[in-house]
Amino acid sequence: MDKEAIKKELVEKSNDILAKYSEPDVVEDISVMNMSAKTVFLGSLKIYNTEIVPNVIKDLNKQLKGYGELIVRDQRVTPCCAPSYIHISFNITIKN
């Protein structure tokens, strides 16, 4: 398994989804947790337009499901001095 290639693909696919919906955020990196039996890739996106959240989640599920076990979560974030957004996180578990 080429972890660097997978990271690069996940960043590209995440940014393509953000660009598709004209979201200003950019995914710069994906975190990797290496364990003896599995590798977990962790990523997140900020979505400011709450109306598109279901579509973004649907696209993430469609684009990323082929890598391994995929879990997608979303949570509203309301910072004190910036616009609120939806934080969408995903993790992909691949058995070694």
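Quick summary incoming for the structure in this document. (Residues numbered from 1 in each chain as written. Predicted model: local features only at pLDDT ≥ 70, side-chain atom pairs only at ≥ 80, totals over all residues. Heavy atoms only, no water.)

## Observations regarding the overall build of the chain
Piece 1. When its secondary structure is counted, the chain shows 2 helices and 4 strands.
Piece 2. Secondary structure elements in the chain, listed N-terminal to C-terminal, are α-β-β-α-β-β.
Piece 3. For the chain, whose C-alpha radius of gyration is 14 Å, the value lies close to the compact-globule estimate of 12 Å for 96 residues.
Piece 4. Projected onto the principal axes, the alpha-carbon positions of the chain cover approximately 40 × 25 × 20 Å.
Piece 5. The 96 residues of the chain split such that 36% are buried.
Piece 6. Entry remark: accessible area of the chain is about 5900 Å², with carbon and sulfur atoms responsible for 48%.
Piece 7. When the 13 basic and 13 acidic side-chain charges of the chain are each reduced to a single mean position, those positions are 6 Å apart. (Helix = DSSP H or I, 4+ residues; strand = E, 2+ residues; numbered from the N terminus. Rg over C-alpha atoms; globule rule 2.2 N^0.38 Å. Buried < 20%, exposed > 50% of the residue type's maximum accessible area, 1.4 Å probe, protein only. Areas by Shrake-Rupley, 256 points an atom, 1.4 Å probe, with all protein chains shown as cover. Lys, Arg positive; Asp, Glu negative; His and termini not counted. Charge placed at Lys NZ, Arg CZ, Asp CG, Glu CD.)

## Things to note about the nonpolar core
Piece 1. Of all hydrophobic cores here, the largest spans 24 residues; its most connected members are I47 and I92.
Piece 2. In this structure I92 touches L10, T39, V40, F41, L64, Y67, G68, E69 and L70, once residues within four positions along its chain are discounted. (Core = buried A, V, L, I, M, F, W, Y, C linked by side-chain atoms within 4.5 Å. Contact = heavy atoms within 4.5 Å.)

## Observations concerning the packing of aromatic side chains
Piece 1. Applying the stated rule across the entire model yields 1 aromatic pair.
Piece 2. Here the basic side chain of K46 rests over the ring of Y85, its NZ or CZ set 4.9 Å away from the ring centre. (Phe/Tyr/Trp six-rings, centres within 6.5 Å; stacked < 30°, edge-to-face > 60°. Lys NZ or Arg CZ within 6 Å of the ring centre and 35° of its normal.)

Functional significance is not addressed by these values, which are geometric in nature.
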